[in-house]
Amino acid sequence: ELRQDGYLKIGGVYRILFEATFLQGFSGERETFFQIHGNFKACHASPPVMLKMNDGKLSVMALHRVSGNGLNGGSGQHRPVQSGTFRVGDLYGKPLKFSIDVDFRQNPARLSIVMNGRRIVNNAAVEYAPCAKPYLKMGVYRPGGKGAGTSSVVFDDIQLVEVK
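Every value quoted in this text rests on a predicted model; they were computed, and no experiment measured them.

Caption draft 1: Representation of the environment of Gly-25 within the structure. Take Gly-25: it is sitting in the loop between strand E2 (13–24) and strand E3 (31–37). When the C-alpha atoms of Gly-25 and Tyr-92 are compared, they prove to be 9.1 Å apart, with 67 residues separating the residues in sequence. Once residues within four sequence positions are removed from consideration, Gly-25 is found in contact with Val-88, Tyr-92, Thr-150 and Ser-151.

Next up, the structure:
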């Protein structure tokens, strides 16, 4: 697991760049490999953004319908915001270049994602709890259980750029 040291500023605009190469697995349920998370000490906020493989297909999930302040448990629901279908079996061994733009100047924030030159998310609304302190997390996060198997992804050339 890689976790950002520090936090993204509410009111900031960011570009996150990285390369991901899926080596095996990611055919189970809810196998997240990238998150903009929001929990912080007493703030139990749900992640505003998750990139995951679900049943072997890429899914970009954005948080919406946030209620409450996040101090009494997670709030909101995730919904898919990507266009197109990408099967992990077609992606194995191929370096995928991600460019993720997120604008926290308002709530809901705005999210756009380009993968290998193709826009897969265009200006999607992303809500976050009022107490959230967003930060980046990369790795393999999944429910686990019997028969989960092994999932492997290699990350390279990770960059975080504060645009504004």
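Caption draft 2: Representation of the sheet that holds strand E10 (residues 135–141) in the model. Read from one edge to the other, the open sheet built from six strands follows the order E1-E10-E3-E4-E5-E6, with strand pairing classed as antiparallel. Each edge of the open sheet carries a strand with a single partner, namely strand E1 (2–3) and strand E6 (77–80). The pairing of E3 with strand E4 (residues 49–54) spans five bridges and is antiparallel. Counterpart to Gln-35 in the pairing with E4 is Met-50.

Caption draft 3: The side chain of Gln-4, seen in detail. Topologically, Gln-4 is positioned in the loop between E1 and E2. The class of Gln-4 is buried, set by a relative accessible area of 14%. With residues near it in sequence (within four places) discarded, Gln-4 still touches Tyr-135, Leu-136 and Leu-160.

Caption draft 4: Representation of the nonpolar core. Phe-33 and Phe-34 are the most contacted members of the largest nonpolar core, which has 45 residues in total. Here this core takes five residues from E2, the largest share from any one element. If sequence neighbours within four positions are ignored, Phe-34 has contacts with Ile-16, Phe-18, Val-49, Met-50, Leu-51, Ile-100, Leu-136, Lys-137 and Met-138.

Caption draft 5: Layout of the pairing of strand E8 (residues 109–115). Most of E8 sits out of view: five of its seven residues are buried. Sheet analysis places strand E7 (residues 96–103) next to E8, joined by six bridges and oriented antiparallel. Directly across from Val-102, in E8, lies its bridge partner Leu-111. Linking two consecutive strands that pair antiparallel, namely E7 and E8, is a turn of five residues. Two strands pair when backbone bridges link them, and E8 and strand E9 (residues 118–126) are joined in this way by six bridges, in the antiparallel orientation.

Caption draft 6: Region of the structure containing the sheet that holds E2. Ordered by their spatial adjacency, five strands build an open sheet running E9-E8-E7-E2-E11, and the pairing between neighbours is antiparallel. Two strands lie at the open edges of the sheet, namely E9 and strand E11 (152–162), each paired on one side alone. Between one strand axis and the next, the sheet turns by 15 degrees as a mean value, whatever way the strands run. Pairing between E2 and E7: eight bridges, direction antiparallel. Considered in E7, the bridge of Ile-16 is made with Ile-100.

Caption draft 7: Looking closely at the environment of Lys-164. Take Lys-164: it is sitting in the segment after E11. A relative accessible area of 58% means that Lys-164 is categorised as exposed. Along the backbone, Lys-164 and Arg-15 are 149 residues apart, and their C-alpha atoms lie at a distance of 9.9 Å. Not counting chain neighbours up to four residues away, the residues in contact with Lys-164 comprise Gly-12, Val-13 and Arg-105.

Reading guide: rules and limits
Residues numbered from 1 in each chain as written. Predicted model: local features only at pLDDT ≥ 70, side-chain atom pairs only at ≥ 80, totals over all residues. Heavy atoms only, no water. Helix = DSSP H or I, 4+ residues; strand = E, 2+ residues; numbered from the N terminus. Contact = heavy atoms within 4.5 Å. Pairing = 2+ DSSP bridges. Buried < 20%, exposed > 50% of the residue type's maximum accessible area, 1.4 Å probe, protein only. Core = buried A, V, L, I, M, F, W, Y, C linked by side-chain atoms within 4.5 Å. Axes fitted to C-alpha atoms, helices over the stretch in contact; angles between N-to-C directions.

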